[in-house]
Number of protein chains: 2
Amino acid sequence: MNPIGIISMQYNRPFVAADFAQLGRWKAAGYDFAELLVPEPGELDLAATRRALDDAGLGVVLAARVNLDRNLTSDEAAKRQAGADYLAYCAETAEALGAKVVGGPLYGNPLVFAGRAPHAVPESLRQARVDWCVEGLVKGGDAAARCSIRFGVEPLNRFETDILNTTRQGVALMQLVNHASVGLVLDTFHMNMEDDDICSALREGAAHMVHFQANENHRGYLGTGHIDWNPVVRTLAEIGYTGSISLEPFRRRDERIGIPFAQWKPPVKDETEELSAACAFLKNLITLNGGRK
Amino acid sequence: MNPIGIISMQYNRPFVAADFAQLGRWKAAGYDFAELLVPEPGELDLAATRRALDDAGLGVVLAARVNLDRNLTSDEAAKRQAGADYLAYCAETAEALGAKVVGGPLYGNPLVFAGRAPHAVPESLRQARVDWCVEGLVKGGDAAARCSIRFGVEPLNRFETDILNTTRQGVALMQLVNHASVGLVLDTFHMNMEDDDICSALREGAAHMVHFQANENHRGYLGTGHIDWNPVVRTLAEIGYTGSISLEPFRRRDERIGIPFAQWKPPVKDETEELSAACAFLKNLITLNGGRK
């Protein structure tokens, strides 16, 4: 069965050594791996983190953190170089932690979280960004190959980036990059906004998927929104996806007027029951729909 | 049957006198009204616009344009006042154009389209924003009553504002505002992202709805995304919603890598066939599901 994981941001951001006790609780709640943000230098001791994961019996998948200064699609060469250097750092960090996949919007160019508004892009700049993106991802893929890991490029919704929004665009990018160490991460939170149909998109992206994120439309716990999980899980089985699936339920149940939903907030209560139920819900659905062993 | 409308941004932004010929084409495509952005002073001659709508046989619903400087929830009193003044301007403009509803995120505080990143909000500021919002909307409601129109407050997704994201929050705000001339606009594009379930949310918001926007998850034409329209339309009939329904299909079918999806773009081809089909699709579904005559 697909390994099921939980993102560290469900609990804390950044996730630091003081949070290691959480790893055992996730294991007890049924999870197989933790999805950690790629630690910035000094944020986590890599050897100690690897031991803590091992002690808890958890695997690990990494999520990269890009910004406007480490940005494969920047129009400034130094920032593109910083983006490529960051991918090499991610690959080496993954190797040190024992992770096999580093996912995320590796192409860069964040919008809302960088305080950047959408704006028109001249065709020459759009084409240049595609070229820069491919060039950076090929370099990243070479670094990944040296470290025996794979990169997963994740399309995000239109408000989070102006580079890659749909699965179809992701597949088109994979054809340009054409590197065995570079694939796609697909996330139902973004697919729900941008793809015509989540299941059709999964079939389109199937050949490139290196990681999958099962998130509700509103990022609450699985089963509390309107994503229709039965056909999603059935489609994963049909396309033979045996890879990792992580949950990223970090929206809090707080609907007071004026609460900024897009701003990360720590949990305000023990969520063990929801964590366990969401994991078991997904694992049972995979079993019921014939997921590969 | 509910009047069905089309937003002017489907064709041009801003919509100006040179675009009036489009009104007759929308009528011919089956639409009953145009949803126009509230024109800025001097952008449109109001009497001429009203005549053009009349000549085309179209009604009109207005959509307000807020920004950080006309902003009911600003922490600067002058900007809150400008927000209240703008609502009075909207009400008078609506009266001049013969519109009965002005909708939109009237509370202000845009995020991504104002180049503003989400950030944590201290509890005292959150509460102050709620108070400012209620105060401004009550003033706006009084202006609306004087002009015999109604305001419709629209929740937007988490990336577009940090004030009002879910229908549930909208209903809570209505209870605080408690003004006969202030209701809610609900839009399936945002509901798809933020509400647990679109149909349940429609039932929660039913008593306050003054306008409804039927948009696909990706803002393409109805039927090209994954919103399940049958239960949505059936729910509108069940709750007895007889009001206006507008379509806002201004995403273009352009999935080249690096195209900024969130940036408005004009149509690049004649979309008459899609416009007619989307209108007829919705009208037929309303008929089939027992929509009120």
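Only a predicted model underlies this, so the values are computations on that prediction, with no experimental measurement involved.

The rules we used
- Residues numbered from 1 in each chain as written.
- Chains lettered and ligands numbered in written order.
- Predicted model: local features only at pLDDT ≥ 70, side-chain atom pairs only at ≥ 80, totals over all residues.
- Heavy atoms only, no water.
- Axes fitted to C-alpha atoms, helices over the stretch in contact; angles between N-to-C directions.
- Helix = DSSP H or I, 4+ residues; strand = E, 2+ residues; numbered from the N terminus.
- Parallel < 35°, antiparallel > 145°, perpendicular 65-115°, else oblique.
- Left-handed = near helix turned anticlockwise from the far one by under 90°.
- Contact = heavy atoms within 4.5 Å.
- Least-squares fit on C-alpha atoms with pLDDT ≥ 70 in both.
- Buried area = accessible area lost by both parts, 1.4 Å probe.
- Salt bridge = Lys/Arg side-chain N within 4 Å of Asp/Glu carboxyl O.
- Buried < 20%, exposed > 50% of the residue type's maximum accessible area, 1.4 Å probe, protein only.
- Arc of directions from axis to C-beta.
- pLDDT = per-residue confidence, 0-100.
- Phe/Tyr/Trp six-rings, centres within 6.5 Å; stacked < 30°, edge-to-face > 60°.
- Lys NZ or Arg CZ within 6 Å of the ring centre and 35° of its normal.

Student: Hey, could you go over the packing of helix α8 (residues 229-238) of chain A against helix α9 (residues 272-288) of chain A for me, with residue numbers and the actual values?
Tutor: Residue and element names in this part refer to chain A. Two elements in contact, α8 and α9, have axes whose closest approach is 9 Å; the angle formed by their N-to-C orientations is 55 degrees. By the angle between their directions, the pair α8 and α9 is classed as oblique. As α8 runs across α9, the sense of the crossing is right-handed. Contacts from Trp229, Asn230 and Val233 of α8 reach α9 at Phe281, Leu282, Leu285 and Ile286.

Student: Describe in detail the relation of the copies chain A and chain B, supporting the description with residues and values.
Tutor: With an axial shift of 0.0 Å and an RMSD of 0.0 Å, the rotation relating chain A to chain B amounts to 180 degrees. Both copies of the chain, as the preceding transformation shows, are related through a two-fold rotation axis. The overlap is high: 100% of the interface residues of chain A also sit at the interface in chain B, so the same surface is used on both sides.

Student: Give a detailed account of the interface of chain A and chain B, specifying residues and quantitative values.
Tutor: Residue-level contacts link 51 residues of chain A with 51 residues of chain B. Of the roughly 4,500 Å² buried where chain A meets chain B, counting both sides, 57% is carbon and sulfur surface. By the criterion of area lost to chain B, the three top residues of chain A are Arg158, Phe159 and Ile257 of chain A, representing 17% of everything that side buries. Counting across the interface, chain A meets chain B through eight salt bridges.

Student: How would you summarise helix α2 (residues 46-56) of chain B if you had to cite specific residues and measurements?
Tutor: All names here are of chain B. Thr49, Ala52, Leu53 and Ala56 are the residues of α2 that are buried. Projected down its long axis, α2 carries its buried residues within an arc of 100 degrees, all on one side. Summarising the geometry of α2, the exposed residues directed more than 90 degrees from the buried face are Arg51, Asp54 and Asp55. If you follow the buried residues of α2, they end up packed against α1 (21-28), β2 (33-37), β3 (59-63) and α3 (77-97).

Student: Which residues make up the confidence of the model for chain A, and what are the values?
Tutor: Looking at chain A, the pLDDT average stands at 97 and 99% of residues meet or exceed 70. At the level of chain-chain contacts, confidence expressed as ipTM amounts to 0.97, with global pTM at 0.98.

Student: Explain the pattern of salt bridges to me, using residue names and the numbers behind them.
Tutor: Going through the model one piece at a time under the given rule, you end up with 46 salt bridges over all chains. Taking the shortest distance from any N to any O, the salt bridge between Glu238 of chain A and Arg203 of chain A comes out at 3.7 Å. One end of the pair, Glu238 of chain A, is in helix α8; the other, Arg203 of chain A, is in helix α7 (residues 198-205), with 35 residues separating them in the sequence. For Glu238 of chain A, a relative accessible area of 55% translates into the label exposed. For Glu274 of chain A, the salt bridge goes to Lys269 of chain A, with nearest N and O atoms at 2.8 Å. Beyond isolated ion pairs, a larger network of salt bridges with shared partners links Arg158, Arg168, Glu194, Asp196 and Glu204 of chain A together with Arg251, Arg253 and Glu255 of chain B.

Student: Lay out the packing of aromatic side chains in plain terms, naming residues and giving numbers.
Tutor: Geometry of an aromatic ring pair is reported as the spacing of the ring centres plus the angle between the planes. The final tally for this structure, using the stated rule, is nine aromatic pairs over all chains. Seen in terms of ring centroids, Phe159 of chain A and Phe189 of chain B are 6.5 Å apart; in terms of plane orientation they differ by 70 degrees. Their pairing is edge-to-face. With Phe159 of chain A in the loop between β5 (150-153) and α5 (167-177) and Phe189 of chain B in helix α6 (residues 188-194), the pair connects residues from two separate chains. Taking relative accessible area as the criterion, Phe159 of chain A reaches 1% and is therefore assigned buried. Judged by relative accessible area, Phe189 of chain B falls into the buried class, the value being 1%. Among the aromatic residues, those joined into a cluster by ring pairs are Phe113, Phe159 and Phe189 of chain A together with Phe113, Phe159 and Phe189 of chain B. In this arrangement the basic side chain of Arg70 of chain B is found over the ring face of Tyr86 of chain B, its NZ or CZ atom lying 3.9 Å from the centre. It is Arg219 of chain B that lies over the ring of Phe189 of chain B; its NZ or CZ is 4.3 Å from the centre.

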